[in-house]
Amino acid sequence: CTWENILPMDSIWRSVSYGSAMTLPEGATVYDALAATGLSYTGYGYIEEIGGLWEKDFSAKSGWKYYVNGSAPMMSCADYVLKDGDSVQWVYVLNP
């Protein structure tokens, strides 16, 4: 599993960054991958905050969204079971 967290970088944005390849046990979820990064976060199935950047910090609809292999699954990160070679990306969006 590879992990990537990308945010725009300018004076308005707070930066949260982590990139790594990791080995997770069989049956690990996107949530498990987040927990394995060591970054601070709040939430379980729905992630409210990563690295001090909270949902709704910039607008009523801003928050965290995850992608696996470039696609946004329509399920909780605690329910999405990763497969070998999957790439996970968390993106902070202003208007999902």
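Residues numbered from 1 in each chain as written. Predicted model: local features only at pLDDT ≥ 70, side-chain atom pairs only at ≥ 80, totals over all residues. Heavy atoms only, no water.

In this section: the overall build of the protein chain. Of regular secondary structure, the protein chain possesses one helix and seven strands. The N-to-C order of helical and strand elements in the protein chain reads β-β-α-β-β-β-β-β. Residue burial in the protein chain is summarised as follows: out of 96 residues, 38% are buried. Partitioning the intrachain contacts of the protein chain with sequence separation of at least 6 by distance along the chain shows that 53% fall at a separation of at least 24. For the protein chain, the exposed surface amounts to about 5400 Å²; the carbon and sulfur share of it is 53%. (Helix = DSSP H or I, 4+ residues; strand = E, 2+ residues; numbered from the N terminus. Buried < 20%, exposed > 50% of the residue type's maximum accessible area, 1.4 Å probe, protein only. Contact = heavy atoms within 4.5 Å. Areas by Shrake-Rupley, 256 points an atom, 1.4 Å probe, with all protein chains shown as cover.)

What follows deals with the nonpolar core. Val30 and Trp90 are the most contacted members of the largest nonpolar core, which has 19 residues in total. When contributions to this core are tallied by element, the ones reaching two or more residues are α1 (30–36), β4 (47–50), β6 (63–68) and β7 (87–93). Ranked by residue count, the leading element in this core is α1, at four residues. With sequence-adjacent residues up to four places away left out, Val30 is seen in contact with Tyr66, Val68, Cys77, Tyr80, Leu82, Val88 and Trp90. (Core = buried A, V, L, I, M, F, W, Y, C linked by side-chain atoms within 4.5 Å.)

This brings us to the side chain of Asp86. Relative to the elements of secondary structure, Asp86 occurs in the loop between β6 and β7. Lys83 provides the closest opposite charge to the buried, unpaired Asp86, separated from it by 4.7 Å. Only 2.7 Å separates the side chain of Asp86 from the backbone nitrogen of Lys83, close enough to count as a polar contact. (Lys, Arg positive; Asp, Glu negative; His and termini not counted. Salt bridge = Lys/Arg side-chain N within 4 Å of Asp/Glu carboxyl O. Polar contact = N/O pair within 3.5 Å; in protein donor to acceptor, adjacent residues only side chain to side chain.)

A separate point is the packing of aromatic side chains. Within this structure, the stated rule accounts for six aromatic pairs. Summarising the aromatic geometry, the rings of Trp64 and Tyr92 are spaced 5.3 Å apart at their centres and angled 75 degrees between planes, so their arrangement reads as edge-to-face. With Trp64 in strand β6 and Tyr92 in strand β7, the pair connects residues that are 28 residues apart, well separated along the chain. Ring geometry for Tyr66 versus Trp90: centroids 5.4 Å apart, planes at 45 degrees, classification tilted. (Phe/Tyr/Trp six-rings, centres within 6.5 Å; stacked < 30°, edge-to-face > 60°.)

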